[in-house]
Amino acid sequence: MAACVSRVELSVSCRSLLDRDLRSRSDPLCVLLQDAGGGRWAELDRTERIKNCQDPEFCKKLVVDYYFEKVQKLKFGVYDIDNKTFDLNDDDYLGGVECTLGQVVSSSVFTRPLELKQGKPAGKGTITISAEEIKDTRVVYLEIGAQNLDKKDFLGKSDPFLEFYKQGDAGTWQLVYRSEVVIKNNLNPCWRKFSVPLQTFCGGDFDKPIKVQCLDHDSDGSHDLIGAVQTTLVQMQTAGPGSPVEFECIHPEKKQKKKSYKNSGIIRVKSCKIETEYSFLDYVMGGCQINFTVGVDFTASNGDPRSPDSLHHISPDGINEYLIAIWSVGSVVQDYDTDKLFPAFGFGAQVPPSWQVGPSQHCALALSMFAFPNCLSCPLSQVSHEFALNFNPNNPYCPGIQGVVDAYRQILPQIRLYGPTNFSPIINHVARFAAHSMQQGTAAHYYILLIITDGEITDLDQTRQAIVDASRLPMSIIIVGVGEADFKAMEFLDGDNGVLKSVTGEPAARDIVQFVPFRQFKNAPREALSQVVLAEVPKQLVSYYKWKGWPPLKPPEIKAM
């Protein structure tokens, strides 16, 4: 199962509901259902019942787990409740609406007309839904040092590290942080700055008791307690530049045994700041648009589309692996793009009418990639490494995912599959848009490039450089490998086994590539592919904007816990 990104609470209100009661107004309640597959709907939550009201604003929030990588189909049903039974089958239906959770969270306010059934409006009734993430996005940043710690090692000083605990409701202590770095042989250590989510650190309660233990690290795990401090976040927050907050580090056994005992050192809080760490939903709900681009491999290794053995062959039921990949990923991403216009490109084919690339476009590509002095001497002069699926280079945008699918189907009979398999041109194409967006200095646009390919990459060195360059831009790359080819190069680009580097040794600033072989999902539900390939995108988006220090366009209000 994919990990839940977060939980959201949905606020619901309605206007102009139908009146089903004879002597009074309707007593509405809203129920939230989620598609369980096979035409079945499972109830997730329901609001309270409001008596005699045609314009209800429900107080009870509807809570749902949110997954970016899934299309979460929801149904909101409004009922007139005239009895005390939980079953809604004996209550009057006032109307409902079906949508996806992605549509709701990507809209500041989501309003739709209520329908009694598809195509039949429920009078003038409407429903308005707004989403809010259930999360305290604040983070505690601490900078800690110590002075004059007790010596614990026989042949040395001490190897100190820190542990932080919060006190639970039952008085027990729960570990919330352990310093990653053990400072060797030092009685006056300064640990590097670290952060802990505020919810984890103290449950949002600034007065909750916090215990700090300082221990001497032993390689066998039998760490020795140097001393401990008990404080609160309120006390630690009084630390400021040049005026640290100091606490005596007390070893309880030594204090009990020795009347002359003072302390085992001093713990110094140099800095304690509360900052906001924004989530994926903060950015999306704050107005960030996710721009989706598709790149399709039309190299000859796919096989003649007219042959049933070809990866581009469209089966009698109208699908192939390319189409499934486009639908699986695109159906999720489209909810986060307002204009629903998606640029789609092909590469590795000869295209009409001249079956070659126009001189100016091609020469620029050839000179940058292969350093051929003119088109005539270039062995790839008849191959396009980046052409619009709709054959309109000035406007390669397709209306919706269905538009991408339609363009793909229409272009298949009109092109000649050729080769080689070059990724860098289309990566650089999307990167140019991402670079322009980055210059605005705001979290307004993030770009996802989906590349669907059947085989080994030809321009590996150029692609490595393109990915390294793109890692500094608001951009992620998804590669879906179709067919049975060896995809070792794709796995290398994924960077899961280490940081991807260019040929010159320049490292990627962050991991932006996710590769998945389609064959692993042949017998799985179609939504399984999107769940895997999109699972990394929220983390990649957040890491980029955090790295740049850019808040959401409309930052969320911080509510006291």
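Going by an unreviewed UniProt entry, the protein chain carries the name Copine-3 and comes from Pachyramphus minor. You can read under Sequence similarities (unreviewed entry) in the UniProt record for the protein chain the words "Belongs to the copine family." Entered under Subunit (unreviewed entry) in the UniProt record, the comment concerning the protein chain runs "Monomer. Interacts with ERBB2 (preferentially with the tyrosine phosphorylated form); this interaction occurs at the cell membrane and is increased in a growth factor heregulin-dependent manner. Interacts with SHC1; this interaction may mediate the binding of CPNE3 with ERBB2. Interacts with RACK1."

(A) Highlighting unusual backbone geometry. With omega at -5°, the peptide bond leading from Gly419 into Pro420 counts as cis. Counting through the fold element by element, Pro420 comes out in the loop between strand 22 (416-417) and helix 9 (424-439). Not every positive phi belongs to a glycine, and Phe391 is a case in point at roughly 60°. Looking at the secondary structure, you find Phe391 in the loop between strand 20 (387-388) and strand 21 (397-399). Taking relative accessible area as the criterion, Phe391 reaches 33% and is therefore assigned partly exposed.

(B) Representation of empty space enclosed by the protein in the model. Counted by the stated rule, this structure contains 2 cavities of 30 Å³ or more. Empty space within the largest cavity amounts to approximately 40 Å³. In terms of lining, the largest cavity is formed by Ile144, Phe164, Val212, Val229, Thr231, Met236, Phe247, Ile267 and Val269. Elements represented by at least two residues in the lining of the largest cavity include exactly strand 14 (224-231) and strand 16 (266-276). Partitioning the lining of the largest cavity into residue classes produces 8 nonpolar, 1 polar and no charged. Every residue lining the second largest cavity is listed: Lys70, Val71, Gly102, Val332, Asp335 and Tyr336. The residues that make up the lining of the second largest cavity include at least three from each of domain 1 (6-134) and domain 3 (280-360 + 382-548).

(C) Structural detail: the domain arrangement of the protein chain. Along its sequence, the protein chain is organised into domain 1 (6-134), domain 2 (138-276) and domain 3 (280-360 + 382-548). Distance between the C-alpha centres of domain 1 and domain 2: 49 Å.

(D) Representation of the packing of aromatic side chains within the structure. By the definition in use, this model includes 21 aromatic pairs. Between Phe292 and Phe342, the aromatic rings sit 5.9 Å apart at their centres with planes inclined by 75°, giving edge-to-face as the arrangement. Here the residue Phe292 occupies a position in strand 17 (residues 289-297), and Phe342 occupies one in strand 18 (residues 341-347), the gap between them amounting to 50 residues. Here Phe292 falls in the buried class, since its relative accessible area comes to 1%. An angle of 80° between the planes, with centres 6.1 Å apart, marks the rings of Tyr544 and Trp550 as edge-to-face. In this structure Tyr544 comes out as buried when scored by relative accessible area, which is 0%. One aromatic cluster in this structure is built from Tyr278, Tyr283, Tyr446, Tyr544, Tyr545, Trp547 and Trp550. The aromatic ring of Tyr67 is capped on one face by Lys70, whose charged end is 4.4 Å from the ring centroid. The ring of Trp547 is capped by Lys548, whose NZ or CZ atom sits 5.5 Å from the centre of that ring.

About the criteria used
- Residues numbered from 1 in each chain as written.
- Predicted model: local features only at pLDDT ≥ 70, side-chain atom pairs only at ≥ 80, totals over all residues.
- Heavy atoms only, no water.
- UniProt positions renumbered as here; feature names shortened; annotations may be inferred.
- Helix = DSSP H or I, 4+ residues; strand = E, 2+ residues; numbered from the N terminus.
- Buried < 20%, exposed > 50% of the residue type's maximum accessible area, 1.4 Å probe, protein only.
- 1 Å grid on protein atoms, 1.4 Å probe; cavity = no way out; pocket = protein on both sides within 12 Å on 5 of 7 lines; lining within 4 Å.
- Points joined across faces, edges and corners; volume = space filled by probe spheres on them.
- Nonpolar A, V, L, I, M, F, W, Y, C, P; charged D, E, K, R; others polar.
- Domains from an automatic or database assignment.
- Phe/Tyr/Trp six-rings, centres within 6.5 Å; stacked < 30°, edge-to-face > 60°.
- Lys NZ or Arg CZ within 6 Å of the ring centre and 35° of its normal.

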